[in-house]
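# Observations on the three-dimensional arrangement
Letter by letter, the chains look like this.
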2 protein chains.
Amino acid sequence: MATIYEVSKLAGVSLATVSRVMNNNTPVREATRLKVLAAMEELGYRPNSIAQSLASNRSNSIGILVSELYGPFYGAMISSIEAEFRAAGKHVIIAAGHSEESTEQDGIEFLINRSCDALILHVEAVSDDYLIKLSQSDTPIVLINRQIPAIQSQCISLNNKLGGYLASRLLLEKGHRQLAYISGPLWKTDAKERYRGHQLALQEYGLQPDERLFFEGDFHESGGSDGVAQFLQQGLHFTGLICGNDEMASGAMTEARECGLDIPGDLSIVGYDNVMLSHYTYPKLSTIDYPIAAMGQMAARWVLKHIYQQDKLDVQLVFEPKVIERDSCISLAPTLG
Amino acid sequence: MATIYEVSKLAGVSLATVSRVMNNNTPVREATRLKVLAAMEELGYRPNSIAQSLASNRSNSIGILVSELYGPFYGAMISSIEAEFRAAGKHVIIAAGHSEESTEQDGIEFLINRSCDALILHVEAVSDDYLIKLSQSDTPIVLINRQIPAIQSQCISLNNKLGGYLASRLLLEKGHRQLAYISGPLWKTDAKERYRGHQLALQEYGLQPDERLFFEGDFHESGGSDGVAQFLQQGLHFTGLICGNDEMASGAMTEARECGLDIPGDLSIVGYDNVMLSHYTYPKLSTIDYPIAAMGQMAARWVLKHIYQQDKLDVQLVFEPKVIERDSCISLAPTLG
DNA sequence: TTGTAGGCGTTATCAC
DNA sequence: GTGATAACGCCTACAA
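Residues numbered from 1 in each chain as written. Chains lettered and ligands numbered in written order. Predicted model: local features only at pLDDT ≥ 70, side-chain atom pairs only at ≥ 80, totals over all residues. Heavy atoms only, no water.

### Things to note about the protein's contact with DNA strand D
This is how it is decided: Whether a residue is near a molecule or strand depends on its heavy atoms: if one lies within 4 Å, it is near. Any N or O atom pair separated by 3.5 Å or less is treated as a polar contact, with the protein-specific requirement of one donor-capable and one acceptor-capable atom, and with residues adjacent in sequence counted only for side-chain atom pairs. Think of it this way: any DSSP run of H or I at least four residues long counts as a helix, any run of E at least two long counts as a strand, and we number them from the N terminus. Amino acids outside the nonpolar list (Ala, Val, Leu, Ile, Met, Phe, Trp, Tyr, Cys, Pro) and the charged list (Asp, Glu, Lys, Arg) are all regarded as polar, and Gly is one of them.
Among the 26 residues in the neighbourhood of DNA strand D, the closest are listed as A:Thr17, A:Arg20, A:Arg29, B:Ile4 and B:Tyr45. The sugar and phosphate moieties of DNA strand D supply 63% of its atoms located within 4 Å of the protein. Within the backbone of A:Ser14, a nitrogen or oxygen atom sits 2.9 Å from a phosphate oxygen of DNA strand D. Interatomic distance of 3.4 Å between a side-chain N/O atom of B:Gln52 and a phosphate oxygen of DNA strand D. Sorting the residues of the surface near DNA strand D by element identifies α2 (15-23) and α4 (49-56) of chain A together with α2 (15-23) and α4 (49-56) of chain B as the ones contributing at least two each. Ranked by the residues each element gives to the surface near DNA strand D, the list is headed by α2(B), at 5 residues. Class assignment for the residues of the surface near DNA strand D results in 13 nonpolar, 10 polar and 3 charged.

### So, the pattern of salt bridges
Residue and element names in this part refer to chain A. Heads up, the rule is: In the sections that follow, a salt bridge refers to a side-chain nitrogen of Lys or Arg positioned within 4 Å of a carboxyl oxygen of Asp or Glu. Think of it in three bands: with a 1.4 Å probe and only protein chains considered, a residue is buried below 20% of the maximum accessible area for its type, exposed above 50%, and partly exposed in between.
Going through the model one piece at a time under the given rule, you end up with 22 salt bridges over all chains. With a closest N to O distance of 2.7 Å, Asp128 and Arg146 form a salt bridge. Taken together, the positions of Asp128 in helix α7 (residues 128-135) and Arg146 in the loop between β4 (141-144) and β5 (155-158) put the pair 18 residues apart, joining distant regions of the chain. For Arg146, a relative accessible area of 10% puts it in the buried group.

### Quick look at the protein's contact with DNA strand C
If you check the shell around DNA strand C, you find 27 residues, and the closest are A:Ile4, A:Ser19, B:Thr17, B:Arg20 and B:Thr32. Among the atoms of DNA strand C close to the protein, meaning within 4 Å, 61% are from sugar or phosphate groups. With respect to DNA strand C, the side chain of B:Thr17 contributes an N or O atom lying 2.7 Å from a phosphate oxygen. Residue B:Arg29 places a main-chain N or O atom 2.7 Å away from a phosphate oxygen belonging to DNA strand C. Here the surface near DNA strand C gets 5 residues from one element, more than from any other, and that element is α2(A).

### Topic: the pairing of strand β8 (residues 240-243) of chain B
Working note: regular strand, side chains alternate between the two faces of the sheet. Residues and elements named next belong to chain B. We apply this condition: The pairing criterion for strands is at least two bridges between them, as found by DSSP.
The alternating pattern of β8 places Gly240 and Ile242 and Leu241 and Cys243 on opposite faces, both of which are buried. As paired strands, strand β6 (residues 179-183) and β8 are joined by 4 bridges and run parallel to one another. Along β8, the bridge assignment pairs Ile182 with Cys243. Here 3 bridges tie β8 to strand β9 (residues 268-270), and the two strands are oriented parallel to one another. Looking at β9, one finds that Leu241 is bridged to Ile269.

### A few points about the interface of chain B and chain A
As a reminder, the rule being used: Residue contacts are defined here by distance: any two heavy atoms, one from each residue, within 4.5 Å place the two residues in contact. Here the buried area means the combined drop in accessible surface, using a 1.4 Å probe, for two parts upon being joined, counting both sides.
Listed as interface residues are 47 residues of chain B and, on the opposing side, 46 residues of chain A. Of the roughly 4100 Å² buried between chain B and chain A on both sides combined, carbon and sulfur atoms contribute 60%. The three residues of chain B that bury the most area against chain A are B:Ile50, B:Arg86 and B:Tyr280, which together make up 17% of that side's buried surface. In this assembly, chain B and chain A are joined by 2 salt bridges. A salt bridge links A:Glu109 to B:Arg46; its shortest N-O distance comes to 3.2 Å. At the boundary of chain B with chain A, the tally comes to 12 residue pairs in polar contact (both at pLDDT 80 or more). Breaking the side of chain B that touches chain A down by element, the ones donating at least two residues are α4, α5 (72-87), β2 (91-96), α6 (101-113) and α11 (246-258) of chain B. For the side of chain B that touches chain A, a count of residues per class yields 18 nonpolar, 18 polar and 11 charged.

### Some words on the UniProt feature "domain: HTH lacI-type" (unreviewed entry) in chain A
Where we set the bar: UniProt positions are given in the numbering used here, feature names are shortened, and annotations may be inferred rather than shown by experiment.
Cross-referencing UniProt, the feature "domain: HTH lacI-type" (unreviewed entry) maps to residues 2-56 of chain A in the present numbering. Here residues 2-56 of chain A is 71% helix and 0% strand, with 20 Å between the C-alpha atoms at its ends.

### Comments concerning the sheet that holds strand β7 (residues 214-216) of chain A
Residue and element names in this part refer to chain A. This is how it is decided: Note on method: axes are straight lines fitted to C-alpha atoms, helices fitted across the in-contact stretch only, with angles between N-to-C directions ranging 0 to 180 degrees.
Taken in spatial order, the 4 strands make up an open sheet running β7-β6-β8-β9, and their pairing is parallel. Across the chains shown, the open sheet's two edge strands, defined by having one partner strand only, are β7 and β9 (268-270). Taking the axes of each pair of neighbouring strands and ignoring which way they run, one obtains an average angle of 15° across the sheet. The strands that helix α10 (residues 221-233) touches are β6 (179-183), β7 and β8 (240-243); relative to β6, the one it contacts most, it runs at about 145°.

Right, dumping it as C-alpha cells:
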C-alpha cells in the first residue's frame with residue numbers, strides 16, 4: 001500500500017504538501033495540487049485511517065451501545081445512525097448491552113477503549129449517576145430514550161407519558177371504560193412514564209385505576225400472554241387492553257384468542273412502539289408510533305454538530321409520539337358503554 | 001490519559017517491558033510484572049488501541065456489510081457476530097449495502113479504508129467476479145449466503161435448494177397437489193435456488209410446474225400480496241402456497257384473507273427463513289429455518305481462526321435448513337386429494 | 001530477563 | 001506556498 005511519502009516523491013513535493021491537498025486546509029498552488037492528485041491516482045494511494053487517527057487524535061468512529069442488536073426497534077435506530085454518519089465519512093462501532101448493568105458498563109468501556117470520538121447510548125440498566133459521571137470523562141456521550149436533568153442537553157427522548165396517555169385515550173374515546181394495562185418492567189423509566197400517561201387519561205375521564213387490571217410484564221411476548229392469562233383466570237371483565245409495547249400486545253392477542261376472545265370484537269388492544277411486527281399481527285395492531293429512526297438520526301446529528309463542528313445542523317431533543325390506528329380497536333356500541 | 005511511557009517511568013522499567021507485560025508474549029520476571037501492573041493500576045492506564053494498531057498493523061476491527069441493518073434477519077446475524085468477536089476483544093464496524101451494486105461496492109471500499117482486518121459480507125448485487133478479485137486483495141473476506149466455487153473456502157452458505165425442496169414437500173406430503181409459488185427476485189441466487197428445490201419436489205411427485213401459478217416477487221410483503229392477488233384474479237385454483245421468504249408469506253396471508261380465504265382452511269402457506277415475524281402472524285407461519293445466527297457466528301469463527309490464528313476453532317461452511325411446522329398448513333382431506 | 005532505538009503513516013508547527 | 005521535523009503511542013528487532 002502506497003504511503004504519503006511515496007506520493008510526495010512521485011509528485012516531487014514534500015510530504016507536508018501531500019497532506020495539505022488531502023485535507024485542503026491550507027492553500028496549495030493549483031499546479032502542485034494537480035501533480036499530487038495525479039501521483040495519488042497513479043499509485044492508487046489511500047490514506048491510512050489509523051495513522052490519521054493517531055496523528056490527529058480523532059478516530060472518526062462513533063460507538064453505539066444498544067440493548068440488543070436484533071429486533072426491529074434497535075435495527076431501525078442503528079440503521080438511521082449509520083446512514084447519517086456514513087454520509088459524513090464517519091463509521092460506527094456497535095456493541096450490545098443486553099439490558100444488564102455490568103454488560104452495559106463493559107460495553108461502554110469497550111467502546112471508550114476503542115477510541116471512539118463519541119458514544120451514542122441506549123442504555124437501560126445503568127444508573128443516572130453513572131451516566132452523569134461518564135459524561136464528565138473525555139468521551140462525549142448522547143443518550144437516547146433517557147432523560148437526565150443534569151445532562152439534559154445530551155438526552156434525546158420521547159415523551160413517553162404523552163404516548164401512554166394517547167394510547168389510553170384512544171380506547172376511552174371509543175367508549176371503553178374497563179381498561180386493563182400490561183406494563184413493562186417498572187424499573188425502566190419508559191415503562192413507568194407510559195403507565196403514568198395511562199393514569200392521567202383515566203383521571204381525565206374520572207376513572208379509578210383498578211389494581212387487579214394491572215400487570216407488570218417484561219416487554220416480551222410472554223409478558224403479554226401472562227398478563228392476559230392472569231386477568232382471565234381471575235374472571236375480570238375488561239373490554240380494552242393497553243400494552244407497554246407491541247411485543248407484549250402481540251402475546252396478549254394470541255393468548256386472548258386462545259382463550260376464546262375475539263379481537264377486536266370482545267377485546268380492543270393497543271400497543272406501543274409501532275415496530276414492524278405491529279403490522280404483521282392479525283388483526284393489525286393499533287399502536288403508538290415511536291419515531292426511533294428520526295431519533296437515531298438526531299443523535300447522529302448531535303454528534304456531528306458538537307463533536308465534528310458541523311455547526312449548521314439543528315438538533316431536536318424531545319420527540320412526540322402519535323397514534324397509529326389500525327384494526328385491533330373498535331368502538332364500543334353505545335348500549336354497552 | 002496516561003501513556004506507556006509514564007507507566008514505565010513510574011514502574012522504574014523500560015517502555016518495552018511495559019509493552020511486554022501487556023501483551024505477555026515475552027517472559028517477564030514476576031516481580032517486574034507486578035511492579036508494572038501496579039503502576040498501570042495507579043495511573044489508570046488504558047492502552048491506546050489506535051497506536052497499537054499502527055504499530056502492529058492490526059486494527060482488531062472486522063467490517064460487516066449487510067443489505068439492511070433493520071429487519072429481523074440481519075439483526076440476528078449481526079448480533080451473533082458481534083457477540084463472538086466481542087468475547088475475543090475485537091470490534092465490529094458495520095455498513096449497509098441496500099442490495100444495490102454501487103452501494104455495496106462503496107460500503108466494501110469504506111470498510112477497507114477503515115483498515116479492517118477482515119470483512120464479513122452478506123452481499124447480493126455485486127458480481128462473483130468482483131468478489132473473486134476482492135478476495136485477492138489485502139483484506140481477507142468471508143461471504144455469507146453465497147457460493148462461489150473459486151473461493152469456496154470463504155463461503156458460508158445455506159443449502160437453499162434443499163430448503164425449497166423441503167417447503168414444497170411439506171405441502172405435498174399433506175396431500176396438496178395444486179401448488180402456487182411466489183419467488184424472490186430470480187437474479188438473487190438464493191431465490192433461484194429455493195425455486196429449484198420446489199421444482200425438484202414437484203418432479204419427485206410426478207407433477208408439472210404450472211407457469212400461471214408462479215409469481216416473481218420482491219422478498220417484501222407487497223410481493224406476497226401482489227402474487228396472491230394475481231393468482232386469484234385469474235381465477236386459478238390452488239390449495240397450497242410456497243413463498244420465497246416469510247415477509248412475502250405474511251403479505252400473501254393478509255391478501256388471501258382479505259379475498260375471503262380461510263388460512264389454513266382454504267389455503268395452506270409455507271414461508272422461508274423463520275424470522276421472528278413468522279411467529280407473530282395469525283395463524284403462525286410454517287416455514288423453513290434459516291440458521292442465520294449460527295452462520296454469523298461461524299463467519300466470525302472463520303475470521304478468528306484464519307486471521308487471528310485461533311487455530312483450535314472449527315468452522316462449518318455449509319448449513320442445512322429444516323422445516324418448522326406451525327399452524328399455517330393443514331392436511332388436505334383425502335376425499336379432496 | 002531487560003533496555004535501546006527505529007519505525008508504523010499521518011498531522012501540525014515551525015521556519016523559509 | 002512549501003519544506004523540514006517533531007510529535008502521536010505503541011511494537012519489536014537487536015543488543016546487552
